[in-house]
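Each chain is listed here by its residues.
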Amino acid sequence: MLSTLERRRRHYAAWWTCLLAMAVMVGCTKFTASEPVSLLSAVLWDGLEFRMQVVDDRSGDVKIVGDIDGDGLFDLVIGGEVKEALVWYRAPDWRPYLIGRPKTQFTTDGALGDIDSDGDLDIVVPDGPEGANLVGFQNPLPGGDPTDGAQWLRREIGEIGGWGKDVKLADFDGDQRLDIATRSQESVIIFFQNADGSWMGRPLTSRDIGQEGLGIGDIDADGIQDIVVSGAWVKNPGYAQARVDNWRSYSIGPAPQNFKTVVADIDQDGQPDVLYSSSEDVADIVWYKAQDGNPRGYWKSSKILPLVEKAHTLAVGDLDGDGDPDLIVGQMHTSSDQLIAAVYNIDGRGEMWRVQVIGQGGVHNGVLADLDADGDLDVYGSNWVTNPPVHIWINALDLSRDRLPLDRWELAASIETGQQTCTLSTDDVDGDGVTDVACGALAWRNTGGDLAGGWPRTVNARVKNSANDESNGSRLVSPDLAPLSAADLNSDNAPDVIAAGTTGLGGLYVLADHGNGHRGLQYISSGSFVAARAVDLDVDGDLDIVALSNGEFPSLRILRNLAISRDRRG
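A few points on the structure. Note that this is a predicted model, so its numbers are computed, not measured.

### Let's talk about the overall build of the chain
Counting secondary structure elements, the chain contains two helices and 40 strands. Looking at the chain as a whole, 56% of its 570 residues qualify as buried. Restricting the contact set of the chain to residue pairs at least 6 apart, pairs at least 24 apart contribute 50%. Summing over all exposed atoms, the chain offers an accessible surface of approximately 22600 Å²; the carbon and sulfur share of this is 49%.

Next up, the structure:
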């Protein structure tokens, strides 16, 4: 009999799949991609545990995270209507403190940064649609008390020209002072900070910018922050020229008019990529990659999820601690299904994704941050004004154990066995002190090094005459993965499972034990496999994998683990 939790999980998974199917039928967006979503992305994945907590019976459009009081912990900020005010919650007990009240309404975004260069975080937020409606609140630190709302000084910055939709902080002109990029439905405007603390607003008269959404990032790797709008990026000319309206836009590709966007290196090739979701309508969630590293040229589009409704939360970060960027996608409470999902970058290259529904009820402008200071990323958010409560979703991933990464593998060699059936084994068949690989009566000698050299064939003196029996284990975790063997691949004193994909996609995977019955899934190699062994073939301190492929004449794949040789932890 299914537990209540399991029934709910299956219910959410069914609704998420239903959402995707219904969106296709409705066809209520002009922005679609042509390829169907991977089945691995459409099914429920219990990769991590996220524990939901209610912080306060409040709501608001503005959600920000930062260390307000300088104690080293991330605090929460929320702002909305006059009765909701602008409030910060002090970590770790989340006690609320008033910052200020709007003249009209704080909406729909805000940002934290050291605007006055005094070493603490100040707040920038739009207030209503008229007048000097971009305002700042000066943090009372270092000499004052941020828990005393009367000490937060409100400063007028400038006129946005309508409801403020997005707020981003960066030093756009290279003068060592933070500037502010924001927008209304009609225009993007940058407020440049002058030496005397005054502000100069400069609208960007570039191409179609959409109606909602704004991103920043160093798109062309020149050390200066550029702007991302609907389907395009706008190049910052840099330094004093940034204050002159000669920002030039370059096309990325089709994108929603109302959008959320993030600049991140999704495939870990060292180049910035651009993600889009539809914040108010229905559209594919996609990421774009500049071909040949040239952001002024063609951008290739890759679909993450098809036709997701009102994804007003799109955030990027490493959720499962495997070293690659994952996503948090949240639908607003005005959507049909109101789901919050973790979307895992399984292969670390943005080509294979898997969805885990972590909550329901919707979220607007959700934020990723390490809220409990345990080294992993949690989620903060609420729905927009007058729709409480304030939530956090705490990631229960245990990163206290020192783990090796599991996302650094290379195919060092592929060996044709010439046999129709055999049993995979690993042993020192020639007595030279290093492990060799064998399949039935034949063995291949390990000559060391990077494992890419020759693997001379020899006789396996310890031959097993039985047919390969490695593929008969029970299914594990989900119906599209079958276990092959287990070993502690990430050196955390817990067994990880090497598994084969049993769907049409196939593939070799590692299911890392995260504790509490939860596992993270890491893609290792393409292909169809019936057996695998983990052993330190190159004698560098981490376990490599030998896998036996499926086919009329199976081959041996030598997969070298680069966790120690390329460990980025320093």
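This is not the end of the story, as more comes after the structure.
### Section: the side chain of Asp-75
Within the element layout of this structure, Asp-75 appears in strand β3 (residues 75-79). Buried charge without a partner: Asp-75 forms no salt bridge, and the closest opposite charge is Arg-90, 5.9 Å away. Here the side chain of Asp-75 touches Ile-68 through a polar contact of 2.8 Å, landing on its backbone nitrogen. Side-chain polar atoms of Asp-75 contact the backbone nitrogen of Ala-91, separated by 2.9 Å. Ignoring anything within four residues of it in the chain, the contact list for Asp-75 reads Ile-64, Val-65, Gly-66, Asp-67, Ile-68, Asp-69, Trp-88, Tyr-89, Arg-90, Ala-91 and Trp-94.

### Looking at the sheet that holds strand β12 (residues 188-193)
In a beta sheet, neighbouring strands pair by backbone hydrogen bonds and run either parallel or antiparallel. Reading across the sheet, the four strands line up as β10-β11-β12-β13 and stay open at both edges, with antiparallel pairing between neighbours. The open sheet terminates on both sides in strands that have one partner only, identified here as β10 (166-170) and β13 (199-204). Recorded for the sheet is a direction-independent mean angle of 20° between the axes of neighbouring strands.

### Some remarks on the pattern of salt bridges
By the definition in use, this model includes 18 salt bridges. The salt bridge partner of Lys-165 is Glu-212, with a shortest N-O separation of 3.0 Å. Here Glu-212 lies in the loop between β13 and β14 (215-217) and Lys-165 lies in the loop between β9 (153-158) and β10, a separation of 47 residues in the sequence. For Lys-165, a relative accessible area of 15% puts it in the buried group. The exposure class of Glu-212 is buried, given its relative accessible area of 5%.

### Let's talk about the nonpolar core
By size, the foremost hydrophobic cluster in this structure holds 23 residues, and its most contacted members are Phe-50 and Ile-328. Those elements that place two or more of their residues in this core are β24 (339-345), β35 (496-501), β36 (508-515) and β37 (518-525). Looking at this core element by element, the count peaks at three residues for β24. Residues Ala-413, Cys-439, Leu-451 and Val-546 belong to the second largest nonpolar core, which totals 18 residues.

### Some details on the pairing of strand β5 (residues 95-100)
Pairing analysis gives five bridges linking strand β4 (residues 86-90) to β5, with the strands arranged antiparallel. Directly across from Tyr-89, in β5, lies its bridge partner Pro-96. Taking the residues between adjacent antiparallel strands as the criterion, β4 and β5 are bridged by four residues, where Trp-94 takes a positive phi near 60°.

### So, the layout of surface pockets
Roughly 770 Å³ of internal volume is contained in the largest pocket. Taken together, 31 residues make up the lining of the largest pocket; nearest its centre are Asp-109, Gly-110, Lys-168, Gly-366 and Val-367. Breaking the lining of the largest pocket down by element, the ones donating at least two residues are β2 (62-66), β6 (111-113), β10, β14, β18 (259-264), β22 (313-317) and β26 (364-369). Broken down by element, the lining of the largest pocket gets its largest block of residues, five residues, from β18. Classifying every residue of the lining of the largest pocket gives 17 nonpolar, nine polar and five charged.

### Here we look at the sheet that holds strand β39 (residues 544-549)
Spatially, four strands are ordered β29-β40-β39-β38 in an open sheet, and the strand pairing comes out antiparallel. At either end of the open sheet lies a strand with only one pairing partner, and these are β29 (409-416) and β38 (529-535). Adjacent strand axes in the sheet meet at a mean angle of 20° when their direction is disregarded. Bridging between β29 and strand β40 (residues 555-561) involves seven bridges; their strand directions are antiparallel. Note that in β40 the partner of Leu-411 across the bridge is Leu-559.

### As for the state of the cysteines
Covalent bonding between the sulfur atoms of two cysteines is what defines a disulfide. Applying the stated criterion to the full structure yields one disulfide. Each sulfur of the disulfide joining Cys-422 and Cys-439 lies 1.7 Å from the other. The disulfide joining Cys-422 to Cys-439 has a torsion of about 50° about its S-S bond and is therefore right-handed. Of the two residues, Cys-422 is situated in the loop between β29 and β30 (424-427) and Cys-439 in strand β31 (residues 436-439); the sequence distance between them amounts to 17 residues.

### Notes on the packing of aromatic side chains
A complete count under the given rule lists seven aromatic pairs for this structure. The interplanar angle of 75° and the centroid separation of 5.6 Å between the aromatic rings of Phe-259 and Tyr-276 together place this pair among those described as edge-to-face. Placement of the pair is Phe-259 in strand β18 and Tyr-276 in strand β19 (residues 273-278), with a sequence separation of 17 residues. Of the two residues examined, Phe-259 and Tyr-276, each falls in the buried class. By the ring-pair criterion, three or more aromatic residues cluster together here, those being Phe-259, Tyr-276 and Tyr-288.

### Some points on unusual backbone geometry
The omega angle of the peptide bond from Leu-141 to Pro-142 is 10°, so this bond is cis rather than trans. Tracing the backbone through its elements, the reader meets Pro-142 in the loop between β8 (134-138) and β9. A cis geometry characterises the amide bond from Pro-388 onward to Pro-389, with omega recorded as 10°. At Gln-338, a position not held by glycine, the phi torsion is positive, near 55°. Mapping Gln-338 onto the fold places it in the loop between β23 (326-330) and β24. The phi dihedral of Thr-386 is positive, around 65°, even though this residue is not glycine. Positionally, Thr-386 belongs in the loop between β27 (378-382) and β28 (390-395).

Basis of the calculations
- Residues numbered from 1 in each chain as written.
- Predicted model: local features only at pLDDT ≥ 70, side-chain atom pairs only at ≥ 80, totals over all residues.
- Heavy atoms only, no water.
- Helix = DSSP H or I, 4+ residues; strand = E, 2+ residues; numbered from the N terminus.
- Buried < 20%, exposed > 50% of the residue type's maximum accessible area, 1.4 Å probe, protein only.
- Contact = heavy atoms within 4.5 Å.
- Areas by Shrake-Rupley, 256 points an atom, 1.4 Å probe, with all protein chains shown as cover.
- Lys, Arg positive; Asp, Glu negative; His and termini not counted.
- Salt bridge = Lys/Arg side-chain N within 4 Å of Asp/Glu carboxyl O.
- Polar contact = N/O pair within 3.5 Å; in protein donor to acceptor, adjacent residues only side chain to side chain.
- Pairing = 2+ DSSP bridges.
- Axes fitted to C-alpha atoms, helices over the stretch in contact; angles between N-to-C directions.
- Core = buried A, V, L, I, M, F, W, Y, C linked by side-chain atoms within 4.5 Å.
- 1 Å grid on protein atoms, 1.4 Å probe; cavity = no way out; pocket = protein on both sides within 12 Å on 5 of 7 lines; lining within 4 Å.
- Points joined across faces, edges and corners; volume = space filled by probe spheres on them.
- Nonpolar A, V, L, I, M, F, W, Y, C, P; charged D, E, K, R; others polar.
- Disulfide = S-S within 2.5 Å.
- Phe/Tyr/Trp six-rings, centres within 6.5 Å; stacked < 30°, edge-to-face > 60°.

Function cannot be inferred from these measures alone, as they are strictly geometric.
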